[in-house]
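What the coordinates show
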Protein chains: 2
Amino acid sequence: MKIGLLGCGTVGSALVQLLDDDGERLAQLLGEPLEIGRILIRDPDKLRSVDVPSHLFTTQLAEVIDDPEIELVVELLGPGEFAFGAMKAALAGHKSVVTANKEILSMHFPELESAAAAVNRDIFFEAAVAGGIPLIRALRVSLFGERLSRIVGIVNGTTNYILTQMQEEHISLETALADAQRLGYAEADPNGDLSGRDAASKLAIIASIAFGSYVSAADVRVDGIWGVTPADFDFARRSGGVIKLLAQAERSLDRPDAPVRVEVFPAIVMSTHPLASVRGSFNAVFVEGSAVGQLMFSGPGAGGRPTASAVLADVIDAVKNLRNATRAPMRIVEGTRFVEDVAIDGVFVLSVDVIDAPGVLSQVSEVFGHNYVSIARMEQDELDGELAHLVFLTHRTRLSSIRATMEQLTDLAVIKRLHSVLRVLE
Amino acid sequence: MKIGLLGCGTVGSALVQLLDDDGERLAQLLGEPLEIGRILIRDPDKLRSVDVPSHLFTTQLAEVIDDPEIELVVELLGPGEFAFGAMKAALAGHKSVVTANKEILSMHFPELESAAAAVNRDIFFEAAVAGGIPLIRALRVSLFGERLSRIVGIVNGTTNYILTQMQEEHISLETALADAQRLGYAEADPNGDLSGRDAASKLAIIASIAFGSYVSAADVRVDGIWGVTPADFDFARRSGGVIKLLAQAERSLDRPDAPVRVEVFPAIVMSTHPLASVRGSFNAVFVEGSAVGQLMFSGPGAGGRPTASAVLADVIDAVKNLRNATRAPMRIVEGTRFVEDVAIDGVFVLSVDVIDAPGVLSQVSEVFGHNYVSIARMEQDELDGELAHLVFLTHRTRLSSIRATMEQLTDLAVIKRLHSVLRVLE
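Quick caveat: nothing in here was measured; it's all calculated off a predicted structure. (Residues numbered from 1 in each chain as written. Chains lettered and ligands numbered in written order. Predicted model: local features only at pLDDT ≥ 70, side-chain atom pairs only at ≥ 80, totals over all residues.)

All right, on to the nonpolar core then. By size, the foremost hydrophobic cluster in this structure holds 271 residues, and its most contacted members are A:Leu203 and B:Leu203. Sequence-distant contacts of B:Leu203, that is, excluding residues within four places in its chain, are made with B:Val155, B:Val220, B:Ala247, B:Ala249, B:Val262 and B:Val264. (Core = buried A, V, L, I, M, F, W, Y, C linked by C-beta atoms within 7 Å. Buried ≥ 20, exposed ≤ 12 C-beta atoms within 10 Å, placed from the backbone. Contact = placed C-beta atoms within 7 Å.)

Set out below in C-alpha cells:
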C-alpha cells in the first residue's frame, strides 16, 4: 500500500518516523507493508530530519495525485485553498484521504464528504480535532446509536496552557503568553488560538459529527480569552472554580430537528467538574448522551507524535476499507437550524473598574436592574485610592440582556474599564 | 435485520427500550430496521417491564439459535457454561455475537474468536468492560497502530463507590458496603467485586486487546480491598492522595515479546493524577502509548442504559459488517509470557497494630531491614493505652521482600494485627 504525503512538517515527519519504527509490526497486522510513495514539500532545500530517500520528495502536487500506485493521500498542508484543491484532486483520482486540516473541514466538509462518497473512498480526519484523543471515531462509530445532547470540551491546548499558568503562577495573560511563546506552546501570532477561532473550527467538526447536522466554523458564537485577568482567577477561586476556554455544542433531545447551539467562551468551571483538572496543553472532551450518560475523553491536544498517531489510526482504517472495497459512511445533513441569538442564556460574570466614590455602586446596579439582569453575588475590591474593581455574578439570564447592560455601562462616566465577560459552566 | 436476545435482565430490557425509542432513527441511519426476533428467558412467568409481543419470548435456546432469520445474537446471560455454549452455538450457526460476558471472555477468548473467524462473523464485547465507555473499540481500532506500554484503570464501580464513600464520609468498609448494598451499588454477595476478581476479568480482556497477547483472568495477580481501613485513608490523605482499586497491565516496549505484568491492587493515587478524581461508581481507564502519550477515558462503569448503549454500538458495527460480508479481525496470540513473581516490585504501604511498649519499633524495623526493605516514611498513632498503629511507606522494593516481611511480622509477639498492603501508583 503506497501512501502519498502532502506536507512534511512536524506531524508529517512524526508520521514518517512512526511508519519507519513500526513498519514491520504494522505490515504483519495489516498483511501488507505501508510505504511512503511520494512526499510533497514546498521547499526542496530545507533540511529535514526524516530518513527517506531524497527521490521521494517532490514540489509538484501532480506527481503525488497522478501516481496510480498511490491509493491513499495524507494531507498535512495546513490552512489555505491549495490544501482544499489537493484533497479534491486526490478524491477525484479515487484515492482515500486522511487529513488533519481543521480549517478546511470546518468550512467545506459536505463537499469533501460527497466527493469521497461519489468514488467510494474515505475521508478521515481524527487528527483535525483534539490531537491524539480518538474522539472522532468514538463519535462516528461507538456513539453512532446514541442521541447526543451536549459536547463540551477543552480543545485548544495553547489557551489551556496559558490559563493553567495564570491560575497556578498568579501571572497576567501577557506574561503567560510570552512564556508560552518562548516554550513553543504558542505561535508568534497567537490570535487564532486566543480569540477562540481555532477552538471554533474544531467545535464545528465535532458538532457536525455528533449531531449529524452540518455546522461550519462561521456558525459558532466565539468569545476568546484576551480579556481574562488575574482578578477573574481570584473571583473564580473564591467561587470554587477555575477558568477554562470551553467549546460547547448543545441540542435538545425533544425533537430530532431541534436547533443547535454552538459556542466558544471562557467560563468558570467548578473544581468538582472533571474538566477543571485538565491542565497545561492537554485537551478533554465531555460528551452527554441519552443512554450512555456522561463520558469524558482526555489526552494530548497537539504535538507531532500524538497527532501522527491519530493520522496513523485513520490510515490503517482507510487501508482496511480500501482492501474490503468499502467505505465508512457519514450522514451529515445540511441546513442545520441554530438557536437564535435572542434565546441564548447562561450564568455570567461581569467585571468593571469604577471610580471609587459614593453612589457609584447604585448607578452601576441600576443598569443591571434596568436590563432585568438579576445579580446573584457582587464583590468589590479596592484597586488604589481612586478606583474599585467590581465583579457581578448573575442569575441565569439572556445574553442579549448582558450585551445591553455592557453597552449602557460603557456610557457611564464612572466606569473606567470593562473587563471580560465570563460564563459559568452548568 | 433480526436480532436474537439471550437474557432479558437490566441490560437486556434497556436494550429493548433503546431499540424501541430510537428504532426509526436507527433504521434511517442503517438503511434497515433492527428488530428483536426472539428473546430467551429463564422464567416465563416473571413480570417484565419491556414492551414486546409475548410470542417473542422463549425458554428454548434452540428457538433463537436455529432461527434462520436471526443473523445476530446478543448474549446477556451472565456467567456460566450455558452462556459459553450458547455463544459457540450461535457462531456455529453463522450468526455474529455481541456479548457483555466478561467471565466467559476472560476465560475462553481465543476459542470464541477462532470460532467467529472460521465463519467470517464478529464477536464484539464493548459492554464487557467499563460499561458505557467505548474503550474496547478505541483499543481495537483507534489505537491499533500504537505500541501500548501501560493501561491502568478503575474498572469496578462497586469498589470505587465504596472507597469514595470511605474517603468522603470517613466511614469503615463495613458501613460503606452496607450502604452500597442498600442502594443497589453492591450485590448481596459482594466478594466478586471486593476481592478484585471482577476487575481481574475485565483487566484480562483489556490486556489481551491492548497487547495482542492472550491474558486470562487466572493470569492476573489479584489483591482486593477487604483490608482497607479508615486509617489507610488518613495516611493516604496526609501523603496527598486517595485510595483506589486499580487494574494495571504493563509491558516494556523494548522487545515485541516482552513479558506482560497484570495486577489488581488497592493503591494510593496522588490527587494530581487524573484517576484520583474518579468518584462513585464511575470507571476510568488511563492508556499510555509510544506515540500518543497518555489518554484517559472515563464514564459510567455499569447500569442498564449505559451498558445497553455499548451493546447497541456493537450491534450496529456487527450489522454493518454483516451487510458488507466482512468482519473485524483480531490478532491475539496465545502463549503470553508474564513477568515472574520474583521480579514484581513497587512502592508499598504496610500498616500494623503493635503493643505500645519500649523496643517494639526497633523489633518491627529490624524485620524490614532483615528483608532489605528500605523505609521512606514511618508514622505512629496511639490507638488506646496498650496499642499503637504503625504505617510504613517503603522505597521501591520487591513484592517478594514485602511478603517475607509480612510473614516474619506475623511471628512477632508484639504484632497484634496486620492490616492491608497498599501500593503507590507511580
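Let's pick the thread back up.
Below, the discussion takes up the relation of the copies chain A and chain B. For the pair chain A and chain B, the best superposition has an RMSD of 0.0 Å and corresponds to a rotation of 180 degrees with a translation of 0.0 Å parallel to the axis. Accordingly, the operation relating the two chain copies is best matched by a two-fold axis. Taking C-alpha positions as reference, the residue of chain A nearest the rotation axis is A:Phe297, located at 2.4 Å. The fraction of interface residues of chain A whose copies in chain B are also interface residues reaches 100%, indicating that both copies meet through the same surface. (Least-squares fit on C-alpha atoms with pLDDT ≥ 70 in both.)

The strand order β3-β2-β1-β4-β5-β6 (chain B) describes an open sheet built from six strands, whose pairing is parallel. On the outer flanks of this sheet lie β3 (57-58) and β6 (123-124) of chain B, each paired with one strand and no other. (Pairing = 2+ DSSP bridges. Helix = DSSP H or I, 4+ residues; strand = E, 2+ residues; numbered from the N terminus.)

Annotation of chain A at the domain level lists domain 1 (2-131 + 305-323), domain 2 (142-300) and domain 3 (341-424). Each of domain 1 of chain A and domain 3 of chain A has a C-alpha centre, and these two points are 50 Å apart. (Domains from an automatic or database assignment.)

The next point concerns the confidence of the model for chain A. Mean pLDDT over chain A: 93, with 100% of residues reaching 70 or higher. If you check the scores for this complex, the pTM reads 0.92 and the ipTM reads 0.90. (pLDDT = per-residue confidence, 0-100.)

Residues and elements named next belong to chain B. Side chains of strand β5 (residues 96-99) alternate between two faces, with Ser-96 and Val-98 and Val-97 and Thr-99 buried alike. In the sheet, strand β4 (residues 70-75) pairs with β5 via four bridges, with the strands oriented parallel. Bridged to Glu-75 within β5 is Thr-99. Taking the sense of rotation as the criterion, the β-α-β connection linking β4, helix α4 (residues 81-92) and β5 turns out right-handed. Pairing of β5 with β6, which is carried by two bridges, proceeds in the parallel orientation. By the bridge assignment for β6, Val-97 is matched with Ile-123. For the crossover that starts at β5, traverses helix α5 (residues 102-118) and ends in the parallel β6, the hand is right-handed. (Right-handed = clockwise from strand over helix to strand, strands pointing away.)

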